[in-house]
Amino acid sequence: MDEKSIENRITEKLREQLGPLPFGVCSYALIKDRLIDCRAKARIPAGALRVISVAFPYYLGKAYYEHSNISMYAVPADYHRIAGDIIRGAAEALREAVPGYRFEPFIDNSPVPEVFAASCAGLGVIGKNGLLIHEKYGSFCFLGEIITDFPLTPGRDAPAPCIDCGECARQCPSGVLRGECFEKDKCLSDISQKKSDLDEDEKEMLVDSGCAWGCDVCQKVCPMNENAAVSPIREFYETARPVFRAGDSVEGRAFAWRGDKVINRNIDLLNSQDRKTKRED
Ligand code: B12
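Residues numbered from 1 in each chain as written. Predicted model: local features only at pLDDT ≥ 70, side-chain atom pairs only at ≥ 80, totals over all residues. Heavy atoms only, no water.

Caption draft 1: Examining the overall build of the chain more closely. A count of helical and extended segments in the chain gives nine helices and six strands. Taking 19 Å as the expected radius of gyration for a compact globule of 281 residues, we find that the chain reaches 20 Å, a close match to that expectation. Residues classed as buried in the chain amount to 50% of the 281 residues present. For the chain, restricting intrachain contacts to residue pairs at least 6 apart in sequence, the fraction spanning at least 24 positions comes to 77%. (Helix = DSSP H or I, 4+ residues; strand = E, 2+ residues; numbered from the N terminus. Rg over C-alpha atoms; globule rule 2.2 N^0.38 Å. Buried < 20%, exposed > 50% of the residue type's maximum accessible area, 1.4 Å probe, protein only. Contact = heavy atoms within 4.5 Å.)

Here is the structure:
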């Protein structure tokens, strides 16, 4: 098979495996100096040439979040498993369809700076909030990728900026998006995952947010998310559990990797504030 036929075969297989999920291709050379140090780095194929970046939309529709006490991304069962199964399945199908080339899947625990790669692959623009915003699904997308040593035709090669309205920065609960540079440990999403004790400001921020895990403020206020389309991934709906109660099992949830102590501490904080408010009424 010549290279053109192989490329067609790969595209066909990806369509078949990914269905309506958006994907794009970027050159590995663009990301290789930005790789994140992690164990999965060892899986990057020798001679890597391209990154096939895939978006997994997770917005389920307004009704799912009305009484939720966790971040929108944590409402379905763990995306590392659901989106992971899809991307691993696609990589496996490519290996069978095009023997002789490498296709290595990654998601989240990935050496690839996924937002940057997805934007280089033409999947969307990088928001001031640091997230990839897809034209149809907004920023409510998980990202994953397949690294290959086959020279697929890359998409756009430079990331495009968002509309820069500044709303995410203005409304950011911790103010981290208003800073000169992004100090990860000041992001409320990061604070909600902290194992060590929270200080009084952090507790107050968490309670005010009403969210026991993660933070969605910079996404909810983004005008580019206003008409985000709902996810085509059925399993996200089938496994959706918008409320986490103290003592619920964390198994299979997006926050399971952190164990149950941190989420239960956060739930206790939210509940104690609820009780306090009721007493004051
Ligand atoms: C560590 C991490 C975090 C940390 C730090 C985030 C950060 N912005 O650095 C914390 C815990 C805070 C976090 C929070 C969230 N995360 Co996170 N996170 C990651 C992870 C694992 C690594 C990111 C990283 O360290 N990149 C390395 C740096 C050096 O890469 P970089 O390209 O040079 O820099 C990027 C970012 O660091 C950021 N950035 C760099 N400089 C600056 C400056 C400013 C002002 C800002 C705002 C951002 C920013 O934007 C760059 C765009 O590529 C990625 C998965 C991955 N492998 O990429 C997911 C990932 C970025 N996270 C994701 C998600 C969903 C979230 C949350 C929305 C979850 C939530 N609801 O709480 C929040 C959003 C908070 C935010 N506004 O960033 C998704 C983003 C999907 C998308 N559409 O963009 C990813 C891709 C996971 C996935 N597989 O889907 N995350």
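Caption draft 2: Representation of the environment of serine 5 within the structure. In this structure, serine 5 sits in helix α1 (residues 3-18). Residue classification places serine 5 among the partly exposed positions, given a relative accessible area of 29%. On a C-alpha basis, the gap between serine 5 and tyrosine 65 in space is 45 Å, while along the polypeptide they are 60 residues apart.

Caption draft 3: Broad picture of the site of the ligand. Around the ligand there are 33 residues in total, and Glu114, Asn129, Leu132, Leu143 and Ser189 lie nearest to it. Within the backbone of valine 112, one N or O atom sits 3.0 Å away from a nitrogen atom of the ligand. Between an oxygen atom of the ligand and a main-chain N or O atom of leucine 132, the distance comes to 2.7 Å. Counting the residues that make up the shell around the ligand, at least three belong to each of domain 1 (3-61 + 74-148) and domain 2 (167-228 + 242-274). (Near = heavy atom within 4 Å. Polar contact = N/O pair within 3.5 Å; in protein donor to acceptor, adjacent residues only side chain to side chain. Domains from an automatic or database assignment.)

Caption draft 4: Spatial organisation of the side chain of glutamate 202. Within the secondary structure layout, glutamate 202 lies in helix α6 (residues 200-209). With relative accessibility at 10%, the residue glutamate 202 sits in the buried group. Only 2.9 Å separates the side chain of glutamate 202 from the side chain of lysine 194, close enough to count as a polar contact.

Caption draft 5: Structural context of the pairing of strand β6 (residues 141-148). Among the eight residues of β6, eight are classified as buried, and the element is accordingly described as predominantly covered. Along β6, one buried face is formed by Cys141, Leu143, Glu145 and Ile147 and the opposite face, lined by Phe142, Gly144, Ile146 and Thr148, is buried too. Bridge count for strand β2 (residues 50-57) against β6 is eight bridges, and the pairing is antiparallel. In the sheet register, phenylalanine 56 faces β6, and the bridge partner there is phenylalanine 142. Note that strand β3 (residues 103-107) and β6 share five bridges and pair antiparallel. Within β6, the position partnered with glutamate 104 by the bridge is isoleucine 147. (Pairing = 2+ DSSP bridges.)

Caption draft 6: Structural detail: the nonpolar core. Ranked by internal contacts, the top residues of the largest apolar core, which has 57 residues, are Ile10, Phe56, Ile146 and Ile263. Put simply, the parts of the chain that give this core at least two residues each are α1, β2, α2 (79-97), β3, β6, α5 (188-191), α6 and α9 (261-280). Counting residues domain by domain, this core receives three or more from each of domain 1 (3-61 + 74-148) and domain 2 (167-228 + 242-274). The next biggest cluster of nonpolar side chains, apart from the first, holds 15 residues, and it includes Leu35, Phe106, Val112 and Phe116. (Core = buried A, V, L, I, M, F, W, Y, C linked by side-chain atoms within 4.5 Å.)

Caption draft 7: Quick peek at the environment of asparagine 8. Following the sequence through the fold, asparagine 8 ends up in helix α1. For the pair formed by asparagine 8 and glutamate 114, sequence separation is 106 residues and the distance between their alpha carbons is 25 Å.

Caption draft 8: The state of the cysteines, seen in detail. Overall, the coordinates contain zero disulfides when judged by the stated rule. Of all cysteine sulfurs, the one in cysteine 222 lies closest to cysteine 165, which takes part in no disulfide; the gap is 6.3 Å. (Disulfide = S-S within 2.5 Å.)

Caption draft 9: Region of the structure containing the pattern of salt bridges. According to the stated counting rule, one finds 15 salt bridges in the structure shown. Lysine 13 is paired through a salt bridge with glutamate 16; the nearest N and O atoms lie 2.9 Å apart. Placement of the pair is lysine 13 and glutamate 16 together in helix α1, with a separation of three residues, close to one helical turn. A relative accessible area of 53% places glutamate 16 in the exposed class. (Salt bridge = Lys/Arg side-chain N within 4 Å of Asp/Glu carboxyl O.)

Caption draft 10: A look at the environment of valine 115. Looking at the element boundaries, valine 115 is found in helix α3 (residues 114-120). When its relative accessible area of 22% is taken as the criterion, valine 115 is described as partly exposed. Separated by 107 residues in sequence, valine 115 and asparagine 8 have C-alpha atoms that sit 26 Å apart. Excluding its chain neighbours within four sequence positions, the residues that come into contact with valine 115 are Ile126, Gly130, Leu131, Leu132 and Leu143.

Caption draft 11: Molecular detail of α2. Between its first and last C-alpha, α2 extends 26 Å over 19 residues, near the 27 Å set by a 1.5 Å rise per residue. Of the surrounding elements, those touching the buried residues of α2 are α1, β2, β3, β6 and α8 (234-238). (Expected span 1.5 Å × (residues − 1).)

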